[in-house]
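# Structure at a glance
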Amino acid sequence: MADWGAVVIAVLLFVLLSPGLLFQIPSKERLVDFGNQKTSGVSILIHTFIFFGLMVLFMIIIGVHINV
């Protein structure tokens, strides 16, 4: 029995937090831009920190486990 919680959460967060897909922080014109499909190095860095923070929240603090 494998624990798939980390894999499922990581894939979902990776897709949802891809810069420019749903939102981008910071964008070129304003602080938050939605669905522009463009990215920059700063936005990649910020989205990486958001991804890491949410992974820590779900895996360590909450302790999500999916056993199949």
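Numbering of residues begins from 1 in every chain and follows the order in which that chain's sequence is written. Per-residue local features are limited, in this predicted model, to residues with pLDDT of at least 70; the limit for side-chain atom pairs, both in listing and counting, is 80 or more; totals at the level of whole chains, interfaces and linings are taken over all residues. As a rule here, side-chain values come from all non-hydrogen atoms in the structure, and water together with hydrogens is ignored.

## Things to note about unusual backbone geometry
As a reminder of what qualifies: For helices the rule is a DSSP run of H or I covering at least 4 residues; for strands it is a run of E covering at least 2, with both sets numbered from the N terminus onward. Burial classes follow relative accessibility: with a 1.4 Å probe on protein chains only, a residue under 20% of its type's maximum area counts as buried, one over 50% as exposed, and anything between as partly exposed.
Following isoleucine 25, the chain continues to proline 26 via a peptide bond in cis, the omega torsion being -20°. Mapped onto the fold, proline 26 is located in the loop between β1 (23-24) and β2 (33-34). The backbone phi angle of glutamine 37 is positive, close to 60°, even though this residue is not glycine. When you line up the elements, glutamine 37 lands in the loop between β2 and α2 (41-62). Here glutamine 37 falls in the exposed class, since its relative accessible area comes to 58%.

## Some remarks on the UniProt feature "transmembrane region" (unreviewed entry) in the protein
Heads up, the rule is: UniProt positions are given in the numbering used here, feature names are shortened, and annotations may be inferred rather than shown by experiment.
According to UniProt, the positions carrying the feature "transmembrane region" (unreviewed entry) are residues 6-23 and 44-66. The straight-line gap between the two end C-alpha atoms of residues 6-23 is 23 Å; of that span, 61% is helix and 6% is strand. In residues 44-66, helix accounts for 83% and strand for 0%; the two terminal C-alpha atoms are 29 Å from one another.

## Some points on α2
The test is simple: Expected span, for any helix, means 1.5 Å times one less than how many residues it has. Whether two residues are in contact is decided by their heavy atoms, any of which lying within 4.5 Å being enough.
The terminal C-alpha atoms of α2, which comprises 22 residues, lie 30 Å apart, in line with the 32 Å expected from a rise of 1.5 Å per residue. Taken together, the buried positions of α2 are occupied by Ser43, His47 and Met55. Buried residues belonging to α2 abut α1 (5-16) and β1. Among the residues trailing α2, glycine 63 stands out with phi positive, at a value near 75°.

## Side note on the pattern of salt bridges
Applied cut-off: For this analysis, a salt bridge means a side-chain nitrogen from Lys or Arg found within 4 Å of a carboxyl oxygen belonging to Asp or Glu.
Inspection of the entire model under this criterion finds 1 salt bridge. Of the charged contacts in the structure, one is a salt bridge between arginine 30 and aspartate 33, with a shortest N-O distance of 4.0 Å.

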